[in-house]
Amino acid sequence: MQLSYLIAQRSKDPNTQNGACLVDENKIIVGLGYNGFPRGCSDDELPWDREGNFLDKKYAYVVHAEENAVYNANKPTKGCIMYCTMFPCNECVKTIIQNGIKEVVYDRDPYHNQDEWIAARKMLDMAGVKYRQYSPKYKLKLEKVDNKQKTIIGIVGLTGAGKDALADYLKNKGFAYSSLSDSIRGECLSRGLSTERDNLINVANELRQKFGHSELAKRSLKKIKESKSDKFVIVSIRHPEEVEYLKNQGNLKLIAVEAAIELRYQRISQRGRPEDFVSFEKFKEQEERERFGSGEQQQLDKVISMADFKVDNSGSLEDLYQQVDKILEKINEN
């Protein structure tokens, strides 16, 4: 699997780099591949775009990593195992089955519920090709940020818990700032949608489904890479794959902010955002959607369970700041 990620770095795709590694029954490498254009087709002349007309998008031209691994094989692939960074699509599965590959081991499955991947699993099952998710003994460290000295603090919490108060305190301590929610609000405004909470939830889910569950984290990471600061805070992480993506940078510490629901509702009622003018019952209903989702949906309870530190924001700001200072001391010690 590490070789699959290594070969993936050769891909020129600015958005998605995937790799695949074929091995025989003795675990000897038979073929490697990454996503790119066919031989003789220029990476500079064909488009890498994901939006627009069919002929203006990469999907008309790109060869997937799994297919290239088969095309690059140095011996027959019958009985081989394919390791790939992402679950193969339906077109790649056709190639896998036709070339006698007996098993697929994948790392990520971000498009599990989309038709192409449902069809892929259906064909693998019918053809008797095994597939399983990679379960590493050692955690892979992938896509590291260029400056390894950067301190990245992620903040998660239910609505009104005090995420922004914590982030403001860190900003005053020199942390550069990014919010996944701000990215979603910007997307809503670009579509002419109001920033009421239901729209924010729906648009965020749509972005994760379309571009992958870590898409919003990737957008925030771009700001990290562009920042001159060596300290960064990212607010409003709501999906486990957003956490995993950022932790794969090697230097994320996740803080969960907690407070009782009645107190949180009181706070949002006072802050004046358009999305906050809802009844208490509506507030609870929206929160249920955010806490216990699946697939591309928000899964706040799972994200909170992944936190490295938790702070109780039921008291004063001074009490919150004291808890944060202690956490910063622990982070600096490490």
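In this text the structure is predicted, and so the values were computed from the model without any measurement.

1. What to know about the overall build of the protein
A count of helical and extended segments in the protein gives 13 helices and 10 strands. Relative to a compact globule of 334 residues, whose C-alpha radius of gyration would be 20 Å, the protein shows 22 Å and is just as compact. When its C-alpha atoms are laid out on the principal axes, the protein stretches across 70 × 45 × 40 Å. Intrachain contacts of the protein at a sequence separation of at least 6 include 70% that bridge at least 24 residues. With an accessible surface of roughly 17000 Å², the protein has 47% of that area assigned to carbon and sulfur atoms. For the protein, the distance from the average site of its 52 positive side-chain charges to the average site of its 51 negative ones is 4 Å.

2. Looking at the sheet that holds strand 6 (residues 151–157)
Ordered by their spatial adjacency, five strands build an open sheet running 7-8-6-9-10, and the pairing between neighbours is parallel. The strands lining the two open edges of the sheet, one partner per strand, are strand 7 (176–179) and strand 10 (309–312). Going across the sheet, the axis of each strand differs from the next one's by a mean of 25°, ignoring polarity. Of the strand pairs in this sheet, strand 6 and strand 9 (residues 252–258) are connected by six bridges, and their pairing is parallel. Within strand 9, the residue paired with Ile153 across the bridge is Lys253. Here helix 6 (residues 180–190) sits on the sheet and contacts strand 7 and strand 8 (231–235); the angle it forms with strand 7, its principal contact strand, is near 50°.

3. Quick look at the packing of helix 7 (residues 197–211) against helix 11 (residues 280–291)
Where helix 7 meets helix 11, the axes come as close as 11 Å, and the angle between the chain directions of the two elements is 10°. Regarding the angle of helix 7 to helix 11, the classification is roughly parallel. Across the interface between the two elements, Arg197, Asp198, Ile201 and Asn202 of helix 7 pack against Lys282, Phe283, Gln286, Glu287, Arg289 and Glu290 of helix 11. Across the contact of helix 7 with helix 11, the residue classes break down as two nonpolar, two polar and six charged.

4. A short note on the packing of aromatic side chains
Summed over the entire model, instances satisfying the criterion amount to seven aromatic pairs. Taken together through their ring pairs, the aromatic side chains of Phe87, Tyr106 and Tyr131 make up a single cluster. Sitting over the face of the ring of Tyr177, Lys171 holds its NZ or CZ atom 4.3 Å from the ring centroid.

5. Focus: the layout of surface pockets
In this model, the second largest pocket occupies a volume close to 740 Å³. What lines the second largest pocket is a set of 28 residues, and nearest its centre among them are Lys58, Tyr59, His64, Tyr111 and Trp117. Mapped by element, the contributors of at least two residues to the lining of the second largest pocket are helix 2 (65–71), helix 3 (90–98), helix 4 (115–127) and helix 7. Among the residues forming the lining of the second largest pocket, the class breakdown is 12 nonpolar, six polar and 10 charged.

6. Considering the state of the cysteines
For the structure shown, the criterion picks out zero disulfides. Cys21 carries a free sulfur, and the closest cysteine sulfur to it, the one in Cys80, is 9.9 Å from it. By relative accessible area, which is 4% here, Cys21 ends up buried. With no disulfide partner, Cys89 has as its closest neighbouring cysteine sulfur the one in Cys92, 3.8 Å distant. Using a relative accessible area of 8% as the deciding quantity, one classes Cys89 as buried.

7. Section: the side chain of Lys58
Mapping Lys58 onto the fold places it in the loop between strand 2 (29–34) and helix 2. On the accessibility criterion, Lys58 (5% relative accessible area) is buried. Only 2.7 Å separates the side chain of Lys58 from the side chain of Asp13, close enough to count as a polar contact. Ignoring sequence-local partners within four residues, the contact set of Lys58 consists of Asp13, Thr16, Phe37, Pro47, Trp48, Asp49 and Arg50.

8. Some points on the environment of Tyr5
With respect to the secondary-structure elements, Tyr5 resides in helix 1 (residues 2–8). The spacing of Tyr5 and Tyr34 is 29 residues in sequence and 9.1 Å in space, taken between C-alpha atoms.

9. Observations regarding the packing of helix 10 (residues 261–271) against helix 11
The geometry of helix 10 relative to helix 11 is characterised by a closest axis approach of 11 Å and an angle of 110° between their N-to-C directions. With respect to helix 11, the axis of helix 10 lies roughly perpendicular. The crossing of helix 10 and helix 11 is right-handed. When helix 10 is examined against helix 11, the residues Ile261, Arg264, Tyr265 and Ile268 are found in contact with a partner set consisting of Phe280, Phe283, Lys284 and Glu287. Each residue belonging to the contact of helix 10 with helix 11 can be placed in one class, and the counts come to five nonpolar, no polar and three charged.

10. Examining the environment of Asp168
Structurally, the position occupied by Asp168 is in helix 5 (residues 163–172). Note on Asp168: relative accessible area 37%, which makes it partly exposed. Through-space distance from the C-alpha of Asp168 to that of Ile81 is 50 Å; in sequence the pair is 87 residues apart.

11. Digging into the nonpolar core
Counting residues in each nonpolar core, the largest one holds 29 residues, and the members touching the most others are Val156, Ile234, Ile237, Val243, Leu246 and Leu254. For this core, the elements supplying multiple residues, two or more each, are strand 6, helix 6, helix 7, helix 8 (215–226), strand 8, helix 9 (240–247), strand 9 and helix 12 (300–305). Looking at this core element by element, the count peaks at five residues for helix 7. Not counting residues within four places of it along the chain, the set of residues in contact with Leu246 comprises Ala217, Ile234, Ile237 and Leu252. Judged by nonpolar contacts, the second largest core, of 23 residues, contains Phe87, Cys89, Ala120 and Val129.

The rules we used
Residues numbered from 1 in each chain as written. Predicted model: local features only at pLDDT ≥ 70, side-chain atom pairs only at ≥ 80, totals over all residues. Heavy atoms only, no water. Helix = DSSP H or I, 4+ residues; strand = E, 2+ residues; numbered from the N terminus. Rg over C-alpha atoms; globule rule 2.2 N^0.38 Å. Contact = heavy atoms within 4.5 Å. Areas by Shrake-Rupley, 256 points an atom, 1.4 Å probe, with all protein chains shown as cover. Lys, Arg positive; Asp, Glu negative; His and termini not counted. Charge placed at Lys NZ, Arg CZ, Asp CG, Glu CD. Pairing = 2+ DSSP bridges. Axes fitted to C-alpha atoms, helices over the stretch in contact; angles between N-to-C directions. Parallel < 35°, antiparallel > 145°, perpendicular 65-115°, else oblique. Nonpolar A, V, L, I, M, F, W, Y, C, P; charged D, E, K, R; others polar. Phe/Tyr/Trp six-rings, centres within 6.5 Å; stacked < 30°, edge-to-face > 60°. Lys NZ or Arg CZ within 6 Å of the ring centre and 35° of its normal. 1 Å grid on protein atoms, 1.4 Å probe; cavity = no way out; pocket = protein on both sides within 12 Å on 5 of 7 lines; lining within 4 Å. Points joined across faces, edges and corners; volume = space filled by probe spheres on them. Disulfide = S-S within 2.5 Å. Buried < 20%, exposed > 50% of the residue type's maximum accessible area, 1.4 Å probe, protein only. Polar contact = N/O pair within 3.5 Å; in protein donor to acceptor, adjacent residues only side chain to side chain. Left-handed = near helix turned anticlockwise from the far one by under 90°. Core = buried A, V, L, I, M, F, W, Y, C linked by side-chain atoms within 4.5 Å.

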